[in-house]
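Commentary on secondary and tertiary structure
Listed below are the residues making up each chain.
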Amino acid sequence: MDRAAFACSTAFFHDYSIASHGAVCLPQGHVDYIEKVESFSYSDFFRDYLIPNHPCVFSAKFTEGWGSRRNWVTRDGKPNFDYLLQHFGKAVVPVANCDVKEYNSNPKEQIPLKEYISYWKEYIKKNYHSPRGCLYLKDWHLCRAFPEQDIYMTPIYFTSDWLNEYWDAIGLDDYRFVYMGPKGSWTPFHADVFRSYSWSANICGKKKWLLYPPRQEEYLRDRHGNLPFDVTAPGLQDSSIYPRYAQSCPPVEIIQEAGEIVFIPSGWHHQVYNLEDTISINHNWVNGCNVAIMWSFLQDELAAVQREISEWRDTMEDWHLQCQVIMKSCTGINYKEFYNFLKVIAENRISVLNHVLDEEASAKNTHRAATSALGMLHAVFDLKRTVQVLTSLNANEDFKKLNPKSLSPPPEALLHHLKAAIDTALL
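These numbers were taken from a predicted model, which means no experiment stands behind them.

Glancing now at the pairing of strand S13 (residues 278-285). For S13, the buried fraction is high: eight of the eight residues fall into the buried class. Sheet analysis places strand S6 (residues 176-181) next to S13, joined by six bridges and oriented antiparallel. Each bridged residue has a counterpart across the sheet, and for glycine 181 the counterpart in S13 is threonine 278. As defined by bridge partners, strand S8 (residues 197-204) adjoins S13 across seven bridges and the pair is classed as antiparallel. Among the inter-strand pairings, asparagine 202 is bridged to a residue of S13, identified as serine 280.

Below, the structure written as structure tokens:
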């Protein structure tokens, strides 16, 4: 592919606005169902769902080759407890009690998987009742603990994943999870970490999703500004407590069957129920399409911390630094780490560009050159989005108070490097 053709083809990764997506009400709550693997490309997903920030459901054909769908499920579609015990029984897993409210979530404990499965079997036997309550295994980093297991392959649509790319690079965490729970287990109303995208694949069982587009959650706040724990609670009808509830749109409802994947867009609040005994695999992820939403969320989080401790602004030494410390403890990231996040992704994309340019120069057939060009298109898009957000971060007054010139490299130098890399790729 020559440079002119490459420049024209970048229209696919057009520079969409950095502004956060506005409120959305899908027509009659419609959610697209993607049936065939062979007729749905990455570019289709990028154009129709990532950029407009709309949900969709992928058919079970997209997961039919996964090891977990072969091995974790019995012939009658139930969780294969024997297989799970044999391969993972000694693992210690996080379990939430769905019957107990602790602040705006459920309390968690760590127990061996074999104990949880013993509980689950007994829970089913007693018609889904237990004095221990309804326990839900959530946020288990199974793949990190058992990397050798044949469990699943991330579908290509979700592989531009800056969140896990960064945390893999620094070796501290990831956002890849397994959920297992009995019929009746559920997750309270929330939006995902950093306002990330998420995808959730049912290995077995059935879920019901209640989705609210961005900004619709504002109508669900009580008179104190708090979001509800349960959006189906009758108390939301009380206008003296929830004065704007009557203005809200009904939720978008999805029934997710075994094998299907649900794509949850960035910043969509949701509540989820297991209608049957269910196992699912979930990822949270951020990329160039929603990194600006992540940055907007982080600014809102810092502003909330600053309001909370504003009375000590004039008396607390290094008040701005303390706000960053509190923000990190509450949110999981602060401004300096966000800068490092952008830097790691940007450096990785520059490496991709350098590799692709070297490959293209030595390519001996058009197939190889076309493959290289596709990688280059996405790398350039990612770099452009990184430049936009990094420029906004560098101009932010709270970031300026953190002595950004001490960072390596300083933001101005990194921005110059990224812009030069983009210009070189587009020559």
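So, about the pattern of salt bridges. If you walk through the whole model with that rule in mind, you get 18 salt bridges. With a shortest N-O distance of 3.2 Å, lysine 61 and glutamate 35 are connected by a salt bridge. In this pair, lysine 61 is assigned in the loop between strand S2 (56-58) and helix H3 (67-71) and glutamate 35 in the loop between strand S1 (32-34) and helix H2 (42-50), connecting sequence segments 26 residues apart. Residue lysine 61 is classed as partly exposed on the basis of its relative accessible area, which comes to 40%. Residues joined by salt bridges that share partners form a network here, namely Arg144, Asp168, Asp173, Asp174 and Arg176.

The strand order across the open sheet formed by nine strands is S1-S2-S11-S8-S13-S6-S5-S3-S4, and the pairing between neighbours is mixed. Among the strands making up the open sheet, the edge pair consists of S1 and strand S4 (108-112). For this sheet, the mean angle separating the axes of adjacent strands, direction not counted, is 25°.

About the cut-offs
Residues numbered from 1 in each chain as written. Predicted model: local features only at pLDDT ≥ 70, side-chain atom pairs only at ≥ 80, totals over all residues. Heavy atoms only, no water. Buried < 20%, exposed > 50% of the residue type's maximum accessible area, 1.4 Å probe, protein only. Helix = DSSP H or I, 4+ residues; strand = E, 2+ residues; numbered from the N terminus. Pairing = 2+ DSSP bridges. Salt bridge = Lys/Arg side-chain N within 4 Å of Asp/Glu carboxyl O. Axes fitted to C-alpha atoms, helices over the stretch in contact; angles between N-to-C directions.

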